[in-house]
Each structure stands twice: as C-alpha cells, then as structure tokens.
Amino acid sequence: METETSCRSNFEMSEMLATYLASTSLLEEAWRICSIANTKFPGAYMVEQIGSVAYVAFSGIQMDSGSDQTSRNLVPLDAEDDGLFAPLYRHSEAEEPIKVHKEMLKLFLSMYPSLQIQIMALMGKVKSIVITGQSIGGTTASLSALWLLCHLQSMSSPVTTVLCITFGSPLLGNETLHRSIRRQRWVGNFCHVVSKHDIMPRLLFAEIVNHISKIQDLLNFWHCCMASPHIIVTGLSSQLPDDVKDTIFQCVLKDLELLAQAEEPSESLFWPFGSFVFCCQEGAICVENAASVTKMMYLMLATASPCCSIEDHLKYGDYIAKVSNQFLKARNFQEEGLPDSSCEAGVALALQSSQLTHKESVQDLCLSMQNPNTRKEVAIMAKDCLHMAQNDHNPNLTAANLAIKLSKIVPFRAEIEWYKTRCDEADDQMGYYDSFKLKGGSRREARINMNRHKLAGFWNSVILMLESNKLPHDFDRRGKWVNASQFYKLLVEPLDIADYYRTGMHREHGHYIEHGRERRYQIFDKWWRDRRVPEKEKKRSKFASLTQDSCFWARVEEAREWLDNVRRESDVTKRRLLWHKIDVFEKYAGKLIENKEVSNDVLAKNSSFSRWMEEWKK
C-alpha cells in the first residue's frame, strides 16, 4: 500500500507543472510573444505586460554568422559575470566550478545593461515575470532568469515570482550548474519545452567539433525560417543538402545513445536542469530527473528521421496549440485492459502522450525505423525511463520518514542537554563550553563527542536531501524543522567551537567563524532569519537556556587573542585597531547579557568569558 501511494504521489508531482501550464494561457502567450520576437526583434528581445504578468521574450535569431556559438566551449561563470550570479557559487571545493557556454554567456552579458533597466522598471508593477525564448533565445532567457532569481534572493522580501519557459533551447552548462540550481530550489522556475524530434535541444550532448560548418548551415536555415511567421514547415528541410541533415542527425543520435545507457549523464559536458516538457501531436509529458531527461531525449530522437528532426524545431506553435487543446482529452485502455495500479496507469498515459507506444501512428510511418522490433524496444525502454522518473523521489513521504528519524536522534540530543546541565551546576564553575574544551579526553566527554557527530550526520543528510529536491519545497519554512535546527545549532555549535580550539585548528586554518564553521550552521542561520516572526517578541525575564548567538564562544576566543596581542603590540595604529575590536565585542556581549540572551554558563565564575572580562578590566 505504501509503495502504491508513493508511486501515485510521484506521478502526480512530476505532472503538476505540465498540467498547470497546459491548463492556463502561459504557454500560449509565451509562444505568441516568442514568435513576435523572432520576426520583429531579431538579435534582441521584447517586453510585454498582460495584466499582472510581464513577458520578456528573446528572439531565437541571436547569432552573427561566423560566431562561435555552435561550439561546446564552457567557461567558469564566476570568472566572467562580475558577481551577477553570486548565490550560485556555493559549491563545495571538491566540485568543479560552475561552467556555462562561453558564447551564450557573452550574448547575455551584451544585453544585460538594457535588460536590467527594463526588469527594474517592472518591479512593483507586476506580480510575475515570465522570461521566454526559442532556440538560442531560450538559453539567453535561462541566463536572464538565473540572474533575476539571484537578484531577488538579495532582497529582504521579494514580491515578484519568476518563471522561465524555453522552446527548443540548447543546453546551457555543466553538472555543477545543475546541482547549484537544485540547491537553490529553483528547478521549478525553469520549464523547457522540447518537441519530440527537435535536434536543437539535443545538439550539445554530441561531439560536434568536426561538424561546425554543417551546424552553422543548419542554424542559418532555421533563422531564415523563423523570420517568416507563416511559412509551411512540412518538406522545408529538403532545401538543406542531405549530407548536412544526415551527418548531424547520426552524430547526435550516436552520442546521445551512449549517454542514455548510463545511470547518470556524468560523461556529458552539458547537463539538463529544470523541468522538461516533451510535446508531440498527442500531448505532453513532464520529466525532471537529469538521467530520465537524457534517456527521453534519445528515445524520442530514435523514432525520428533526419528531416523531421530539423523541421520539428519550427513546429512549436502547432505543438503548443495541441497541448492546450488536448488537455482534457479522454484516454482509455481499450485493447490491453486497465493497468494493475494507478502508477502503471499514469505511466501508460504518459507513453500515449509521448507517442512512444509500440503501435505506430500514421505520422510515424514515414520515419526511418527499418527494424520492425525497434519501436517495441523503444516503448519498453521509455516505460522503464518513466518509471525511473516517477520513482525518483516523493518529497512528502521523505519528509514524513525524516520526522521518524528525527525522533530517533532525540536521545543523543537529550544526553547533550543533560551534560550541559551537569556542567553548569558543577563545583568548578567552568560552564558547558569550557568543560568540554578542557576535559575533552575524558570518558564522559568522549560519549558527548560521539553524540555530536551523530547529530551532525543527521542534519547534513537533511541538507543534502533538501538540496537534491527530495523534500517539499517549503520544508525550510516549516516551523517544526526551523525550530529543531535552531535548537540543535544553539546546543551543539558551542561544542564544535570548543573542539576546534582544543585541537588547535585555529592555529592551522584561522579562527572558527571565518575558516572553521560548518556550512549547515550557515544554512540554519538563514532558515531562522527567514522564519515568520511575531510583531512583538516578549522581553526575557530570566537568562536563556541556550545562548542565542551560537558563535558567541568563537567571538570570545577571538577577543582573547586581541587582548593578548594588544599587550605586546608596539605599533600605535595596530593597538588602536585592536582596542576598537575589543570595545565592539564588549558592547556586543553586554547587550546580550542585558537582554538575557545568554545562558548561565557564560556568566559562570571560571568561564572563558568571565576570565576575559577580568583581564579586560585590568
């Protein structure tokens, strides 16, 4: 029963975006404005406001002849953008830097000055901004949406929502970009519409370095066609030489097949991000998992011919109309009977929507499927791919299971609380922090240290699941988890600080706050800042059970060093700077004590802070 519920929930979640887009006018309006941008604003973009929604559409005709945008050159994002995408840079040192297509980034940066003015003028006037584009214009739209999301994150209370919709857009960046967007929880802000056979979104999966001139011919052909809004697409690819069509098609199909066989597209320079809506004459399906996206890209192209893979790039208007018109189209299981579960039914309907069933449609009779068993094999592979996509994750079920795991680690936390109480009541009057720092080698402290590591492992796993989009989108705003993480931080981080200074890590790496603080605490800081705070908080009548600044003891350690240094320093300017830092800390600590935001252990007679105060007064 649990498996059935999980599978059903996953299917519904992956289809949510596609259902929403198909049942509103967003897709149709985005495409309409894209078409206008293609014909009237080549090499530029246009802005149109419809009610409370503003659309920014980039023309798909964005490339000068002879440019390098047909290559696969990637450049580090933080080396080129002057900090425009700074929130994305929080990748670990073990990861490769975020890299994006060199010429696509160059194109965006060339438009950025005017785009910034246009976007800022919309702020406060609209509730939502939809950034869209076809072909290369879609990649520019993705970069623009990324910039805007980064900008809005720096605002205290952003009131504008952002959605990026691309049509037949090539891939943009590497695996680290994919992971960074997942960490920021922006996957749902990107919807990439890909027609069943369009080769353009698949182009950068392949090693195309030896075919640049042919691809340039293809792009020029597409640009001429996009500039003509009423052109009849069917048969149009006959204007291209056969060797151009065949060479590009076989190159992409071969390399894409190799990537599709892997569990993860790890061998690819470029990684998909966001949600992909694959559309055809029968409807659309939505896939988010990167490996599933890559497999669907291959399976759909495997049912194509060189001609239709080129013409499909020009048929998005037809497909968007079909998706919207067929949103309520009834489907049934006439010959094969009703599937055994709702999950199987959902997958079967998705296969119908993608036209990847083993029964050939009239439209597919012209395709180059020489082996009669190939279509059946593709249908089986597509079914497995959709199962993988639907079973990728179930955020609500994962959150429920995580709550059970949280309850199982409560004894570790309770034992640390008991330890703190014993330390604060001890006759030596050193308090919680100093007891752990000075007695770390004892048996009791060793057990507390073990509990500290167990709790760290649990909370690190929570963050990993959150950044992998395996938890609900509002998880970091749910009171239970915000309060639990805050309590953990206030209770345990003083022990981390004590261990850092006891083991001499500050002498090797520098002080804790800047060089030793774990990333999870910085994330929990943000959760706490972003929580909903009552208008008036009650003033404390007694000291807090836990010091409300979890880094307080790290600040004490720095202040101790300043006080030692000021006694030895002969340079007047340096002494003045040290005294200034000491005074600032003393006032800060005094304010915490006055507001009773410190625990009793801070004021213990033999605590590091009390001894520092005595030395400072002398």
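For the structure, see preceding data.
Keep in mind it's a predicted model, so treat the numbers as computed, not measured.

**Student:** Quick question: what am I supposed to make of the packing of aromatic side chains here?
**Tutor:** Given two aromatic rings, one states the distance between the centres and the angle between the planes to describe the pair. All told, the structure shown has 30 aromatic pairs when counted by the stated rule. Between Y433 and W553 the ring centres are 4.6 Å apart and the planes differ by 5°, which places this aromatic pair in the stacked class. Placement of Y433 in helix α14 (residues 431-438) and of W553 in helix α20 (residues 552-568) is noted, with a sequence separation of 120 residues between them. According to the relative accessible area criterion, Y433 is buried, its value standing at 1%. Here R502 stacks its cationic end above the ring of F436, 5.0 Å away from the centre of that ring. It is K596 that lies over the ring of F543; its NZ or CZ is 5.7 Å from the centre.

**Student:** Looking at this structure, I do not really get helix α15 (residues 443-467). What am I missing?
**Tutor:** Between its first and last C-alpha, α15 extends 37 Å over 25 residues, near the 36 Å set by a 1.5 Å rise per residue. Phi turns positive, to about 60°, at N469, one or two residues after α15.

**Student:** How should unusual backbone geometry be read in this particular structure?
**Tutor:** Excluding glycine, a negative phi dihedral is what most residues carry, and trans is how most peptide bonds are arranged. The residue R185 is not glycine, and still its phi comes out positive at about 65°. Positionally, R185 belongs in the loop between α5 (175-183) and β7 (190-195). Although it is not a glycine, Q429 sits at a positive phi angle of roughly 55°. You can call Q429 partly exposed: its relative accessible area is 38%.

**Student:** Can you help me understand the pattern of salt bridges in this one?
**Tutor:** All told, the structure shown has 27 salt bridges when counted by the stated rule. E518 is paired through a salt bridge with R520; the nearest N and O atoms lie 3.9 Å apart. Given the relative accessible area of 6%, R520 is considered buried. In the salt-bridge network here, residues are joined through shared partners; they are R452, D496, D499, R502, E518 and R520.

**Student:** Just checking my understanding: could you explain the sheet that holds strand β2 (residues 53-58) for this structure?
**Tutor:** Hydrogen bonding along the main chain pairs the strands of a sheet, whether they run parallel or antiparallel. Ordered by their spatial adjacency, 7 strands build an open sheet running β1-β2-β5-β6-β7-β8-β9, and the pairing between neighbours is mixed. The strands lining the two open edges of the sheet, one partner per strand, are β1 (45-50) and β9 (283-287). In this sheet, neighbouring strand axes are inclined to one another by 20° on average, regardless of whether the strands run parallel or antiparallel. In terms of strand pairing, strand β6 (residues 161-167) meets β7 through 4 bridges, oriented parallel. When the sheet's bridge partners are listed, I165 is paired in β7 with C191. Seen against the sheet, helix α4 (residues 136-153) touches β2, β5 (128-134), β6 and β7 and runs at an angle of roughly 155° to β5.

**Student:** Help me out: how do you make sense of the environment of D243 in this one?
**Tutor:** Tracing the chain through its elements places D243 in helix α7 (residues 242-260). Considering only alpha carbons, one finds D243 and K214, 29 residues apart in sequence, at a separation of 8.6 Å.

**Student:** What is the right way to read α5 from this model?
**Tutor:** Along α5, the residues classified as buried are T176, L177, H178, S180, I181 and R182. Elements that come into contact with the buried residues of α5 comprise β4 (99-101), α4, α8 (290-301) and α15. Where α5 terminates, the next one or two residues include R185, which has phi positive at roughly 65°.

**Student:** Mind showing me how you'd approach the environment of V209 here?
**Tutor:** Counting through the fold element by element, V209 comes out in the loop between β7 and α6 (212-226). For V209, a relative accessible area of 57% puts it in the exposed group. The spacing of V209 and R72 is 137 residues in sequence and 7.7 Å in space, taken between C-alpha atoms.

**Student:** Would you take a moment to explain the side chain of R185 for this structure?
**Tutor:** In this structure R185 is buried but unpaired, with D476 as the nearest side chain of opposite charge at 4.3 Å. In contact with R185, not counting residues within four places along its chain, are L466, N469, L471, P472, H473, D474, F475 and D476.

**Student:** Even after reading the chapter, I still don't get the nonpolar core, so can you show me in this structure?
**Tutor:** Generally speaking, nonpolar side chains in soluble globular proteins are found buried as a group. By size, the foremost hydrophobic cluster in this structure holds 88 residues, and its most contacted members are F85, L88, W222 and F278. With 10 residues, the single largest contributor to this core is α4. Among the nonpolar cores identified, the runner-up in size contains 58 residues, and L455, L466, Y500 and V556 belong to it.

**Student:** Please explain the packing of α20 against helix α22 (residues 608-617) as it appears in this structure.
**Tutor:** Packed helices, taken two at a time, are described by the angle between their axes plus the distance between the axes. With their axes 10 Å apart at the nearest point, α20 and α22 run at an angle of 30° to one another. Overall, the two elements α20 and α22 adopt an arrangement that is roughly parallel. Helix-helix and strand crossings are classified by hand; for α20 and α22 the assignment is left-handed. In this structure, α20 uses F552, W553, V556, A559, R560, L563 and R567 to contact α22, whose residues at the interface are S608, F609, R611, W612, E615 and W616. Per-class residue counts for the contact of α20 with α22 are 8 nonpolar, 1 polar and 4 charged.

**Student:** Please clarify how the environment of I248 should be interpreted in this entry.
**Tutor:** Along the chain, the position of I248 falls in helix α7. With residues near it in sequence (within four places) discarded, I248 still touches I199, L203, K214, I215 and L218.

**Student:** Quick question: what am I supposed to make of the packing of α14 against α20 here?
**Tutor:** At a minimum axis separation of 11 Å, α14 and α20 run at an interaxial angle of 70°. If you check the angle between α14 and α20, you find them roughly perpendicular. From α14, Y433, D434 and K437 reach across to α20, where they touch W553, E557 and R560. Per-class residue counts for the contact of α14 with α20 are 2 nonpolar, no polar and 4 charged.

Conventions adopted
Residues numbered from 1 in each chain as written. Predicted model: local features only at pLDDT ≥ 70, side-chain atom pairs only at ≥ 80, totals over all residues. Heavy atoms only, no water. Phe/Tyr/Trp six-rings, centres within 6.5 Å; stacked < 30°, edge-to-face > 60°. Helix = DSSP H or I, 4+ residues; strand = E, 2+ residues; numbered from the N terminus. Buried < 20%, exposed > 50% of the residue type's maximum accessible area, 1.4 Å probe, protein only. Lys NZ or Arg CZ within 6 Å of the ring centre and 35° of its normal. Expected span 1.5 Å × (residues − 1). Salt bridge = Lys/Arg side-chain N within 4 Å of Asp/Glu carboxyl O. Pairing = 2+ DSSP bridges. Axes fitted to C-alpha atoms, helices over the stretch in contact; angles between N-to-C directions. Contact = heavy atoms within 4.5 Å. Lys, Arg positive; Asp, Glu negative; His and termini not counted. Core = buried A, V, L, I, M, F, W, Y, C linked by side-chain atoms within 4.5 Å. Parallel < 35°, antiparallel > 145°, perpendicular 65-115°, else oblique. Left-handed = near helix turned anticlockwise from the far one by under 90°. Nonpolar A, V, L, I, M, F, W, Y, C, P; charged D, E, K, R; others polar.

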